[in-house]
Amino acid sequence: MSGAHARHARGRGAGPEATGRTFREAGGIPFPPRPPQAPTAPQDFLSTEPETTGMRTADSQAVGFRTAGFETAGSGTPESEATAPKPGGVRKPGRAPRFGKAPTFGKAPGFGTSAAARVPKGDLATEITASLVVFLVALPLCIGVAVASGVPAELGIISGVIGGLVVGAARGSTLQVSGPAAGLAALVAETVLEHGVAMLGVIVLFSGLLQIVLGLVRLGRFFQAISLAVVQGMLAGIGLPLMFSQAYPAADAKAPGTPIENMAGIPGLLADTVSDPQTLIAAGLGIVTVVLSFLWKKVPGPIRKVPAALVAVGIGIAVAALPGVEVKTLQVGNLLASVDVPGPEQFAGLADAGIITAILTFTVIASAESLFTAAAVDRMHDGPRTRYNPELIAQGAGNTVAGLLGALPITAVVARSSANVQAGAKTRLSRTLHGLWLLAFALLLPQVLALIPISVLAGVLIHSGWKLFAPEEFPKMWRQDRGEFVVMTLTTLVIVATALLEGVLIGLAAGIVLAAVRMSQTVIRQHIEDDTAKVVMAGNATFLRLPQVIEALESAAEAGKPRIRLDLTGVTHLDHACRSQVEEFVAQQRGKGLRVELLMPGPAKQPAGDQGRHADGDPAGHADGDPAGGAAGGARATAGGSSPSTRPSTRLPRRPTAQAPSANPGPTAEWFYLDTRPMPEDFARRYAEEYAPGYPDRYTEGFTQGYTDEYAQGHSPR
């Protein structure tokens, strides 16, 4: 008898624990060490240690199988005994398991810590410089969007101030920056042309209130369901038109209009720039700004901490102040005089169906643009993620204030947000301060803004557009997934050709189609076996694969065999179109007198009152002659001119099937130790003397040293 079998027998036999312990110690057989205990915890604490089986090689001490989280030693057991199993290696069934102490993994973020502790602490100087960079990016955007929307430029600055001070201070997103966006410029211009500037405030006000309601009912999370290819395509679609549109202000010229027109007009712009010395100076300032933005990170020393945009602005102001230089600079009017609070007359316009339609349109587009931008900005940094519902409420609060002041609608803006991230911002302070700078300079220091050349600010935006465009992402996506590359490229092209919302919606539709095609992977195999034409299907059978399904069914019918078998048990999803096609085929072939067997996916379903039908002579659960048997799920329907089964309706109930054992140890799992080392030469004799006194000597005599090795190799005793 080997040591393994001896200890196993000891575990099954009755006897004092001290006897077994004495026998082990006297025989020089040490206890196998206890396998490593898995860290345990209360039911809501998840251990990070992987489950192991404790198996060891032949030269190891023991082979074990454990249930994680239980200790075999009871409380008060000495350490030497607690770390070793009881004789026989079996945990006593009556003993309650004891949970070990939960391991300490450090403080998890978001549990027991304050919000301030979870947010990375950014350096104050970095936050201030980042806010100045965002201010320089936001200022020309506010003015440009206002002009493109057909309203005074000051209204754009007011919306930028609200986006910083109201939305920026609210919780939701950390680094996303809001303000008037170019994506709504065309819609605003159309609304102003139809209803007037005075009605714009009412429309924006009620759009903001609707956004707050949408955030309170927690609909913001739906905007997280967006493909990565669509996000990257959206960023590229924003960055590419931004670069071409700002090429004109960089040369002190006016952009023609749409992105396509701006691209087509570049050759003429170059010709006009070369022919005018003042335009060359402005273009030179823009080029210097772009070059500085790309190369500034390579500047050594503490000078690199100063943002390249601030350095470019300083150079531009110095050049513009030189005698004989005449380049265009910013011009900002009186902000307070531009405020137009809606009155009773404007609120009376809510009875107009066109105003209600405009409110709903503004709400949907502004919410979608803001939250799609949030998904894009979250991929630019590794800081706190956007909380979509609070961010939607914050956007609604900003639009409510903007509507009360008669300003432009507010959305999240990718150009400002990316500039904020690239400048090293870590908290909401930078985006809030950028609104303060807009207010202070436009309200108190408009003469300072008048010194900044427009071409310099255009250069800052060109650099931001290039970072958004990110041309290196296209070949990278091509190598990773060509289907997603098509979605990404399509999204970019549609945004450039139309507008942001249309491009994103078409990109989402393309992504859904791609996912549907990839999920509809159906494997169909056909073969002839004796007098049966067999068709086996597996995978997802949707309407997208209906042509292949029809072809396979027709091939089976054309085989000329008297029997057809359709096996669909491997199909994980069978939509209505494919199911109807299969059932129609079965009905047609049975009508022709063929015998058709249909195995449908899913568990077997039996009619009421016929629960034991397949217990007698039909162990597979096949319903013969049932024309709808396949549709019942899991049943085989056969036909061929035969009448329905005439078996009696009363059947003996089936014996319940034993549940298959779990692959993982359950709470009642026990330890069995196998010591693979050779036992002492007189082990069998001593074991029989101690545990089976009076046992016939013929079973304990005559065993040689090689017996245990032979027995351990699976041979029976001679």
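Caption draft 1: Summary view of the overall build of the chain. Of regular secondary structure, the chain possesses 28 helices and eight strands. Evaluated residue by residue, the chain yields a buried proportion of 44% over its 718 residues. Pairs at least 24 apart in sequence give 78% of the contacts found in the chain among residues at least 6 apart. By element, 62% of the accessible surface of the chain is carried by carbon and sulfur atoms, the whole surface being about 36500 Å².

Caption draft 2: Inspection of the environment of Ala-186 at higher detail. Summarising the element assignment, Ala-186 is placed in helix H7 (residues 185-195). Spatially, the C-alpha atom of Ala-186 lies 7.5 Å from that of Ala-148, the residues being 38 residues apart in sequence.

Caption draft 3: Region of the structure containing helix H11 (residues 266-275). All of the buried residues in H11 are Ile-266, Leu-269 and Thr-273. Down the axis of H11, the buried side of the element spans an arc of 55 degrees, and every buried residue falls inside it. Seen from the open side of H11, the exposed residues pointing more than 90 degrees away from its buried face are Pro-267, Asp-272, Val-274 and Ser-275. On the buried face of H11, the contacting elements are helix H9 (228-250), helix H10 (259-264) and helix H12 (277-295).

Caption draft 4: Inspection of the pairing of strand E5 (residues 563-574) at higher detail. Two strands pair when backbone bridges link them, and strand E4 (residues 532-541) and E5 are joined in this way by nine bridges, in the parallel orientation. Within the sheet, the bridge partner assigned to Lys-534 lies in E5 and is Arg-565. Bridging between E5 and strand E6 (residues 595-599) involves five bridges; their strand directions are parallel. The partner of Arg-565 across the bridge, within E6, is Glu-597. Since E5 and E6 lie parallel, the crossover through helix H26 (residues 576-591) that links them has a hand, and here it is right-handed.

Caption draft 5: Just the packing of aromatic side chains, in detail. In the structure shown here, the tally under the stated rule is six aromatic pairs. Their ring planes at 65 degrees and their centres at 6.3 Å tell us that Trp-466 and Phe-469 sit as a pair that is edge-to-face. On the criterion of helical spacing, the pair formed by Trp-466 and Phe-469 is a turn pair, its members being three residues apart in helix H21 (residues 454-469). For Phe-469, a relative accessible area of 17% translates into the label buried.

Caption draft 6: The arrangement of the packing of helix H8 (residues 198-216) against helix H17 (residues 388-404) in detail. Two numbers describe how H8 lies on H17: the axes approach to 7 Å, and their chain directions differ by 160 degrees. It follows from the interaxial angle that H8 and H17 lie roughly antiparallel. The element H8 and its partner H17 pack so that their crossing is left-handed. Contacts from Gly-201, Val-204, Leu-205, Gly-208, Leu-209, Gln-211, Ile-212, Leu-214, Gly-215 and Leu-216 of H8 reach H17 at Asn-389, Leu-392, Ile-393, Gln-395, Gly-396, Ala-397, Asn-399, Thr-400, Ala-402, Gly-403 and Leu-404. Of the residues that constitute the contact of H8 with H17, the class distribution is eleven nonpolar, ten polar and no charged.

Caption draft 7: Just unusual backbone geometry, in detail. Positive phi values are uncommon outside glycine, yet Ala-470 reaches one of about 45 degrees. Tracing the backbone shows Ala-470 in the loop between H21 and helix H22 (473-480). By relative accessible area, which is 11% here, Ala-470 ends up buried.

Caption draft 8: Highlighting the nonpolar core. Counting residues in each nonpolar core, the largest one holds 98 residues, and the members touching the most others are Leu-139, Ile-157, Leu-200, Met-234 and Val-504. A per-element tally of this core places helix H16 (residues 353-378) first, with twelve residues. Setting aside residues up to four positions removed in sequence, Leu-139 forms contacts with Ile-157, Leu-330, Leu-438 and Leu-449. By size, the runner-up hydrophobic cluster in this structure holds 22 residues, among which are Ala-556, Leu-568, Val-586 and Leu-598.

Caption draft 9: Local environment of the side chain of Thr-491. With respect to the helices, strands and loops of the structure, Thr-491 is situated in helix H23 (residues 482-497). From its side chain, Thr-491 meets the backbone oxygen of Val-487 in a polar contact 2.8 Å long. Beyond its immediate stretch of four places on either side in the chain, Thr-491 contacts Val-230, Gly-233, Met-234, Gly-503 and Gly-507.

Caption draft 10: Molecular detail of the pattern of salt bridges. Within this structure, the stated rule accounts for three salt bridges. Residue Arg-518 is joined to Asp-481 by a salt bridge in which the shortest nitrogen-to-oxygen separation is 2.5 Å. In this pair, Arg-518 sits in helix H24 (residues 500-519) while Asp-481 sits in the loop between H22 and H23, placing the two residues 37 residues apart along the sequence. Among the ionic pairs, Glu-597 bridges to Arg-563, the shortest N-O distance being 1.9 Å. Of this pair, Glu-597 sits in strand E6 while Arg-563 sits in strand E5; the two residues are 34 residues apart in sequence, bridging distant segments of the chain. Exposure remark for Glu-597: the relative accessible area of 2% places this residue in the buried category. A relative accessible area of 26% means that Arg-563 is categorised as partly exposed.

Caption draft 11: View of the side chain of Thr-329. Mapped onto the elements of the fold, Thr-329 is located in the loop between helix H13 (308-320) and helix H14 (335-338). At a separation of 3.4 Å, a polar atom in the side chain of Thr-329 contacts the side chain of Gln-331.

Caption draft 12: Spatial organisation of the environment of Val-596. Tracing the backbone shows Val-596 in strand E6. Separated by 64 residues in the primary sequence, Val-596 and Thr-532 place their C-alpha atoms 9.3 Å from one another.

Caption draft 13: Seen up close, the pairing of strand E3 (residues 522-529). Bridge analysis of E3 against E4 gives eight bridges, and the strand direction is antiparallel. Across the sheet, the residue bridging to Glu-529 is Thr-532, located in E4. Remark: two residues form the turn of the hairpin made by E3 and E4, two consecutive strands paired antiparallel; Asp-530 in that turn has positive phi of roughly 60 degrees.

Caption draft 14: Representation of H8. Here H8 is 19 residues long and its end C-alpha atoms lie 29 Å apart, about the 27 Å a rise of 1.5 Å per residue gives. Of the surrounding elements, those touching the buried residues of H8 are H7, helix H15 (344-348), H16 and H17. Arg-218 sits one or two positions beyond H8 and adopts a positive phi of about 65 degrees.

Caption draft 15: Quick look at a nonpolar patch on the surface. Side chains of Val-213, Leu-216, Val-217, Leu-219 and Phe-222 sit close together on the surface and give an oily, nonpolar patch of about 500 Å² of accessible area. By the element assignment, Val-213 lies in helix H8.

Caption draft 16: Region of interest: the packing of H22 against H23. H23 packs onto H22 with a crossing angle of 145 degrees between their chain directions and a minimal axis gap of 6 Å. For the pair H22 and H23, contact is made by Glu-473, Phe-474, Met-477, Trp-478 and Gln-480 and by Arg-482, Glu-484, Phe-485, Met-488, Thr-489 and Thr-492, respectively. In terms of residue class, the contact of H22 with H23 is made up of five nonpolar, three polar and three charged.

Caption draft 17: View of the confidence of the model for the chain. Predicted confidence across the chain gives a mean pLDDT of 75, with 67% of residues reaching 70 or more. Contacts from residues 38-120, a stretch scored under 50 in pLDDT, to residues over four places away or in other chains number 140 contacts.

Reading the values: rules and limits
Residues numbered from 1 in each chain as written. Predicted model: local features only at pLDDT ≥ 70, side-chain atom pairs only at ≥ 80, totals over all residues. Heavy atoms only, no water. Helix = DSSP H or I, 4+ residues; strand = E, 2+ residues; numbered from the N terminus. Buried < 20%, exposed > 50% of the residue type's maximum accessible area, 1.4 Å probe, protein only. Contact = heavy atoms within 4.5 Å. Areas by Shrake-Rupley, 256 points an atom, 1.4 Å probe, with all protein chains shown as cover. Arc of directions from axis to C-beta. Pairing = 2+ DSSP bridges. Right-handed = clockwise from strand over helix to strand, strands pointing away. Phe/Tyr/Trp six-rings, centres within 6.5 Å; stacked < 30°, edge-to-face > 60°. Axes fitted to C-alpha atoms, helices over the stretch in contact; angles between N-to-C directions. Parallel < 35°, antiparallel > 145°, perpendicular 65-115°, else oblique. Left-handed = near helix turned anticlockwise from the far one by under 90°. Nonpolar A, V, L, I, M, F, W, Y, C, P; charged D, E, K, R; others polar. Core = buried A, V, L, I, M, F, W, Y, C linked by side-chain atoms within 4.5 Å. Polar contact = N/O pair within 3.5 Å; in protein donor to acceptor, adjacent residues only side chain to side chain. Salt bridge = Lys/Arg side-chain N within 4 Å of Asp/Glu carboxyl O. Expected span 1.5 Å × (residues − 1). Patch = residues over 30% accessible without salt bridge, like charges linked within 9 Å, V, L, I, M, F, W, Y side chains within 5 Å. pLDDT = per-residue confidence, 0-100.

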